[in-house]
Amino acid sequence: MADAAARNDFIPLALPLLGDEEAEAASRTIRSGWVMQGPQVAAFEEEFAAFVGAGYARAVSSCTTALHLGLVAVGVVPGDEVITVSHSFVATANSVRYCGATPVFVDIEPGTYNIDPTLVERAITPRTRAILVVHQMGMPCDMAAIVPLARARGLAVVEDCACAVGSEILWDGRWERIGRPHGDVACFSFHPRKVITTGDGGMITTDREDWAELFRLLRLHGMSQSTAQRHGSPTVTFESYELFGFNYRMTDIQAAIGREQLKRLPGIVERRREIADRYRTLLADIPGLGLPVEPDWARSNWQSYCVRLPDGCDQRQVMQELLDQGIATRRGIMNSHREPVYRSQPWSCGAGPDGCDCAPGACTRLVESEQAQDRTIVLPIFPQMTDEQQDRVVDALRASCRCGS
Ligand SMILES: *Cc1c(COP(=O)(O)O)cnc(C)c1O
C-alpha cells in the first residue's frame, strides 16, 4: 500500500512544535552528565506550577501515571466507585481500575463533548469516592457545576487535563488556567499528540503540600531520599522505603525539553485559537455540519478540532475521501465501554457494579458518547498549519459533506 503520509503535500492531523531550543536543551542536559530526575525536573515543576497558578507541580512519566497517583492521593481504594466518562482515551478509565475501583460512566454533552454535570448527581452511590472529569480535547468542563456538587457530597475531584494545558476557565469572575487546580488534583500529558511535548511525560498539580510530598515519594518507589539528594550529600546516608511506591519518574532530558516547550506554549495556544476561529468562520456554511461549542466561561487551547458530520454522511467514507486528498483525520474520541477490555465487565456501560442490560454497542445510558464517537471527526490543527493547508481541509470537507444533501 502507498504511504499516504509520504506525499509532499500531506496534511497531518497534528505536528509537535519542536526546534533548536529543545535540541540544545536536551544536548546540554546529556553533556551535564545528569540525565535522570534531578535539577531540570525541579525547575520544570516550579515553572509549570507558576504557569497554571498551582501551589505545587510534580513531574511524572505520563498523564496515565499522574491520574493513578492523583486517585491514590484523594483516597480511592478497592471497592470504591469513581464517576467519569467512557468517552475519553482509555487511560482515563484504566487509572480508576489501577486503584481496584470501578469506573461509573456517565454521558457527555453533545456540544462540548464533556461530562454532563446534570447526570453526575444521579450516579452517586454510598460507594462513590471521587469524580474524575476530563477537559476533553482541551475544552474545559463545567467545573462551576461539578465542584460545588462534589464538595456538598464530600467527594474528591480529579481533573484529567491531558489535552488542556493552556486552556482557561472563568472562575469567580476571573480567567484562570486549567490546572490551578479547580478540583483537588489536575493531571497533564506531554505526549506528542498534546499541545506541548516531552516525548512522553506528565505533570500533577495540587495546592496541598502533603499531596505534593506524597507524589514525590510515590513516583520514586516510596523512597525517603532521592538519588540526587544522596548523590550530593556530604555524609553517608541510607534511604528507607516509607510507602508502597512506583517508578513513575520523568527524566531530566525530558524536563529540559519541557521547559523550552513551556516557553513556547502561550504562542502555540494563540496560534491554535486563530486556526480554530478560522475553521469556525470557514465551516459555518456547510449545511448540517456541527461545530464544537465553546461556552462563554471557557477558552479552549484547541488541542483538537472536532466536527459532527451532517446526517447521512458516512464517517469512514468522509475520512477516506480526505485521506485520498492527502488530509489526515481521526474519528471521534473512543468510548471505553465499547472496547473488549471493558465490554466484558458487567458494569461497563455505566450502570454501575450492579450490572447492565444494554445490548452490546448500543448503550441506552451513553447515547451521546456513542454518537460522538460515530458521528464526529477530528480535523488537522497544529501551530505550523498554513491558511492554504486549512483551505484545502475545508474545501475537501465541504465536497465530502454533500453526501448529506
Ligand atoms: C492522552 C490522554 C491521556 C493519556 O496521556 P499519557 O500521557 O499518554 O499517559 C489520558 N487522558 C486523556 C483524555 C488523553 O487524551
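Residues numbered from 1 in each chain as written. Predicted model: local features only at pLDDT ≥ 70, side-chain atom pairs only at ≥ 80, totals over all residues. Heavy atoms only, no water.

Participant: How do you make sense of the pairing of strand β4 (residues 128–134) when you look at a structure like this?
Facilitator: Walk down a regular strand and you will see the side chains alternate between the two sheet faces. The element β4 is extensively covered by neighbouring structure, given that six of its seven residues are classed as buried. Where strand β2 (residues 81–85) meets β4, three bridges bridge the pair, whose relative direction is parallel. What sits directly across from I83, in β4, is I131. The pairing of β4 with strand β5 (residues 156–160) spans five bridges and is classified as parallel. Note that in β5 the partner of V133 across the bridge is E159. Read from β4 through helix α6 (residues 143–153) to β5, the crossover connection turns out right-handed. (Buried < 20%, exposed > 50% of the residue type's maximum accessible area, 1.4 Å probe, protein only. Helix = DSSP H or I, 4+ residues; strand = E, 2+ residues; numbered from the N terminus. Pairing = 2+ DSSP bridges. Right-handed = clockwise from strand over helix to strand, strands pointing away.)

Participant: I tried to follow the sheet that holds strand β9 (residues 202–206) on my own but got confused; where do I start?
Facilitator: Strand order across the open sheet formed by seven strands is β1-β9-β8-β5-β4-β2-β3, with mixed pairing between neighbours. Each having just a single partner strand, β1 (56–60) and β3 (102–106) make up the two edges of the open sheet. Each neighbouring strand pair of the sheet contributes to a mean axis angle of 25°, computed without reference to strand direction. As paired strands, β2 and β3 are joined by five bridges and run parallel to one another. Pairing of V85 across the sheet is with V106, part of β3. (Axes fitted to C-alpha atoms, helices over the stretch in contact; angles between N-to-C directions.)

Participant: Can you help me understand the packing of aromatic side chains in this one?
Facilitator: How two aromatic rings sit relative to each other is given by the distance of their centres and the angle of their planes. Throughout the structure, instances matching the rule amount to nine aromatic pairs. Geometrically, the ring pair formed by F44 and F190 is tilted, given 5.4 Å between the ring centres and 45° between the ring planes. Here F44, found in helix α2 (residues 39–52), pairs with F190, found in the loop between β8 (185–189) and β9; they are 146 residues apart in sequence, far enough to count as distant. Owing to a relative accessible area of 0%, F44 belongs among the buried residues under this scheme. Every member of this aromatic cluster is reached through a ring pair, and the members are F44, F48, F188 and F190. Positioned over the ring face of Y342 is R97, at 4.8 Å from the centre of the ring. Across the ring face of F51, the terminal group of R177 is positioned such that the distance to the ring centre comes to 3.8 Å. (Phe/Tyr/Trp six-rings, centres within 6.5 Å; stacked < 30°, edge-to-face > 60°. Lys NZ or Arg CZ within 6 Å of the ring centre and 35° of its normal.)

Participant: Mind showing me how you'd approach the nonpolar core here?
Facilitator: Across soluble globular proteins, you tend to see nonpolar side chains buried next to one another. In terms of nonpolar packing, the biggest core is built from 56 residues, with F48 and F188 touching the most fellow members. Counting residues per element, this core draws most heavily on α2, which supplies six residues. Apart from the residues lying within four places of it in its own chain, the contact partners of F48 are A57, V165, F188, F190, M203, T205 and L262. By size, the runner-up hydrophobic cluster in this structure holds 28 residues, among which are Y279, W302, V318 and L379. (Core = buried A, V, L, I, M, F, W, Y, C linked by side-chain atoms within 4.5 Å. Contact = heavy atoms within 4.5 Å.)

Participant: How should I be thinking about helix α12 (residues 367–375) in this particular structure?
Facilitator: Working note: α-helix, 3.6 residues per turn, so residues spaced by three or four point in the same direction. Taken as a whole, α12 has its buried residues at S369, E370, A372 and Q373. Down the axis of α12, the smallest arc covering the buried residues is 160°, so these residues share one side. Among the structural elements, β3, β11 (305–308), α10 (315–324), β12 (330–331) and β13 (376–379) are those in contact with the buried residues of α12. (Arc of directions from axis to C-beta.)

Participant: Would you mind showing me how to read the sheet that holds strand β10 (residues 298–299) here?
Facilitator: Across a sheet, paired strands are connected by hydrogen bonds in the backbone, their directions being either parallel or antiparallel. In spatial order, the strands read β7-β6-β10; together these three strands make up an open sheet with antiparallel pairing. If you trace the sheet from one side to the other, it starts and ends with β7 (174–177) and β10, each paired once. Two elements, strand β6 (residues 168–171) and β7, share four bridges in a ladder whose sense is antiparallel. Bridged to E168 within β7 is R177.

Participant: How do you make sense of the site of the ligand when you look at a structure like this?
Facilitator: Around the ligand, a shell composed of 15 residues is seen, among which C63, T64, D160, S189 and K194 lie nearest. One of the side-chain N or O atoms of T64 is found 2.5 Å from an oxygen atom in the ligand. Protein contacts shield 91% of the accessible area of the ligand, which totals 390 Å² for the unbound molecule. Contributions of two or more residues to the shell around the ligand are made by α3 (63–73) and α4 (90–98). Class assignment of the residues belonging to the shell around the ligand gives a composition of six nonpolar, seven polar and two charged. (Near = heavy atom within 4 Å. Polar contact = N/O pair within 3.5 Å; in protein donor to acceptor, adjacent residues only side chain to side chain. Areas by Shrake-Rupley, 256 points an atom, 1.4 Å probe, with all protein chains shown as cover. Nonpolar A, V, L, I, M, F, W, Y, C, P; charged D, E, K, R; others polar.)

Participant: Whenever I open this one, empty space enclosed by the protein confuses me. Can you help?
Facilitator: Rolled over the atoms, a probe sized like a water molecule indicates the empty space that remains. This structure, assessed with the given rule, holds two cavities of 30 Å³ or more. Computed from the structure, the largest cavity encloses a volume of approximately 80 Å³. Residue classes in the lining of the largest cavity are distributed as eight nonpolar, five polar and no charged. Of the pockets and cavities examined, the second largest cavity occupies roughly 70 Å³. Around the second largest cavity, the lining comprises 14 residues; the ones closest to its centre are L15, P16, P192, K194 and R272. (1 Å grid on protein atoms, 1.4 Å probe; cavity = no way out; pocket = protein on both sides within 12 Å on 5 of 7 lines; lining within 4 Å. Points joined across faces, edges and corners; volume = space filled by probe spheres on them.)

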